[in-house]
Amino acid sequence: MPDGKFVVQKYASVGTKEPFTAAFLGLTDLVNATLLEPTKRIEIKNIIMEIYMDCVLPAFLSLRKIHKPDADAGIADNFKNYDDLYRYLVRALKDRTQAAAKAIGYDIGFLFQQDKAFEKGCQEFVQKYPELPTFGDWLKNVRVSTEKLAAIRNNFLEHQNHPRTEFMDYYKPDVAQVLFDSAWQEAEAMLAVFISKRFPPFVKLRIIPEQERDPNLPKKFGFS
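Residues numbered from 1 in each chain as written. Predicted model: local features only at pLDDT ≥ 70, side-chain atom pairs only at ≥ 80, totals over all residues. Heavy atoms only, no water.

K.L.:
What exactly am I supposed to notice about the packing of helix 1 (residues 19–32) against helix 2 (residues 38–67) here?
P.N.:
In helix packing, the relevant descriptors are the interaxial angle and the interaxial distance, both defined with respect to the helix axes. At a closest axis distance of 10 Å, the pairing of helix 1 and helix 2 adopts a crossing angle of 175 degrees. As summarised for this structure, helix 1 and helix 2 are arranged roughly antiparallel, according to the angle between their axes. Contacts between helix 1 and helix 2 involve Phe 20, Thr 21, Phe 24, Leu 25, Leu 27, Thr 28, Val 31 and Asn 32 on the former and, on the latter, Arg 41, Ile 44, Lys 45, Ile 48, Met 49, Ile 51, Tyr 52, Val 56, Leu 57 and Phe 60. Grouping the constituent residues of the contact of helix 1 with helix 2 by class yields 13 nonpolar, three polar and two charged. (Axes fitted to C-alpha atoms, helices over the stretch in contact; angles between N-to-C directions. Helix = DSSP H or I, 4+ residues; strand = E, 2+ residues; numbered from the N terminus. Parallel < 35°, antiparallel > 145°, perpendicular 65-115°, else oblique. Contact = heavy atoms within 4.5 Å. Nonpolar A, V, L, I, M, F, W, Y, C, P; charged D, E, K, R; others polar.)

K.L.:
Would you mind showing me how to read the pattern of salt bridges here?
P.N.:
Close approach of charged atoms lets side chains of opposite charge pair. Overall, the coordinates contain 16 salt bridges when judged by the stated rule. With a closest N to O distance of 2.9 Å, Lys 219 and Asp 29 form a salt bridge. With a gap of 190 residues between them, Lys 219 in the loop between strand 1 (205–207) and strand 2 (221–223) and Asp 29 in helix 1 connect regions that are remote in the sequence. Take Lys 219: its relative accessible area is 23%, and that puts it in the partly exposed class. Residue Asp 29 is classed as partly exposed on the basis of its relative accessible area of 32%. It is possible to trace a salt-bridge network through shared partners that takes in Lys 80, Asp 84, Arg 87 and Glu 158. (Salt bridge = Lys/Arg side-chain N within 4 Å of Asp/Glu carboxyl O. Buried < 20%, exposed > 50% of the residue type's maximum accessible area, 1.4 Å probe, protein only.)

K.L.:
It is not clear to me how helix 1 should be interpreted in this structure. Could you clarify?
P.N.:
If you check helix 1, its first and last C-alpha atoms are 20 Å apart, about what 14 residues at 1.5 Å a residue would give, namely 20 Å. Of all the 14 residues making up helix 1, 10 are buried; the element is thus mostly covered by neighbouring parts of the structure. Three or more residues of helix 1 are buried, namely Phe 20, Thr 21, Ala 22, Ala 23, Phe 24, Gly 26, Leu 27, Thr 28, Leu 30 and Val 31. Lining the buried residues of helix 1 we find helix 2, helix 6 (173–196), strand 1 and strand 2. (Expected span 1.5 Å × (residues − 1).)

K.L.:
Looking at this structure, how should I read the packing of helix 2 against helix 3 (residues 75–104)?
P.N.:
Helix 3 packs onto helix 2 with a crossing angle of 165 degrees between their chain directions and a minimal axis gap of 9 Å. Taken as axis vectors, helix 2 and helix 3 run roughly antiparallel relative to one another. Regarding helix 2 and helix 3, the two cross each other, and that crossing is left-handed. Tallied by class, the residues present in the contact of helix 2 with helix 3 amount to 18 nonpolar, three polar and eight charged. (Left-handed = near helix turned anticlockwise from the far one by under 90°.)

K.L.:
For this particular structure, what's the right way to read the confidence of the model for the protein?
P.N.:
When pLDDT drops low, the exact placement of atoms in the prediction is not to be read closely. When pLDDT is averaged along the protein, the result is 91, and 96% of the positions lie at 70 or above. Helix 5 (residues 135–157) is the least confidently modelled element of the protein, averaging 86 in pLDDT, while helix 2 averages 97, the highest of any element. (pLDDT = per-residue confidence, 0-100.)

K.L.:
How should I be thinking about the environment of Ala 22 in this particular structure?
P.N.:
Along the polypeptide, Ala 22 turns up in helix 1. Classification of Ala 22 as buried rests on a relative accessible area of 0%. Sequence-wise, Ala 22 and Pro 218 are 196 residues apart; in three dimensions their C-alpha atoms are separated by 5.7 Å. Non-local contacts of Ala 22, meaning those with residues more than four positions away in its chain, are made with Thr 16, Leu 217, Pro 218 and Lys 219.

K.L.:
Quick question: what am I supposed to make of the side chain of Gln 98 here?
P.N.:
As for its position among the elements, Gln 98 is in helix 3. Its relative accessible area of 17% is what places Gln 98 among the buried residues. With residues near it in sequence (within four places) discarded, Gln 98 still touches Leu 93, Ile 108, Gly 109 and Phe 112.

K.L.:
Just to check I follow, could you spell out the packing of aromatic side chains for this structure?
P.N.:
Ring pairs (aromatic) are described by centroid distance and by the angle formed between their planes. Taken as a whole and judged by the stated rule, the model has 23 aromatic pairs. Ring plane angle 45 degrees and centroid distance 4.8 Å describe the contact between Phe 20 and Phe 60, whose orientation is recorded as tilted. On the criterion of sequence distance, the pair formed by Phe 20 in helix 1 and Phe 60 in helix 2 is long-range, its members being 40 residues apart. We classify Phe 20 as buried; its relative accessible area is 3%. With a relative accessible area of 12%, Phe 60 lands in the buried category. What links up through ring pairs into an aromatic cluster is the set Tyr 106, Phe 110, Phe 118, Phe 125, Tyr 129, Phe 135, Trp 138 and Phe 194. Taking NZ or CZ as reference, Arg 143 lies 4.3 Å from the ring centre of Phe 118, over its face. (Phe/Tyr/Trp six-rings, centres within 6.5 Å; stacked < 30°, edge-to-face > 60°. Lys NZ or Arg CZ within 6 Å of the ring centre and 35° of its normal.)

This is the structure in structure tokens:
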């Protein structure tokens, strides 16, 4: 900030027309409608924006390089783009989404645990939060993609208990796209439901039909 003036710089070539951008901006709108204390709302919105800015956005930039690599990119460049993508997605779900859920009042720490602990966690979740009686079953569907991310993260990217050759199925553009879409959509859906349980009694969460979404900011969730 030279001479006390702000310097305007481009942060990323990604706009609000991207559904994943609209998703996390939309979540902050949902938080504004809750009965939570103002300081708690600020805390939650900050974490949501961390999911977007520090995890999902850089993951998308890596994904874009996977689909359209630089002209002089080599094998190492390609591997790095995939590795970065999966690290960002694990961080988005395991770290930041869990933190946001906890700030709202829901503990999903069992989501990345081993099978036995996960099954126990699903059962305890329903008992602890009876307002979400079917959420444990939904988390079992989320588990399908989180297990795949956890597998490459735990066994190769972080600890290298296994060689890269055992994970070559991950290094395909279509697989990378599916895991990216699953991760941000699962984070969005979980947090939207959790946030909605903090709405005033007369406010309900709804899915906005695709034909009604603003093409410049296609938010999925709104109010009814």
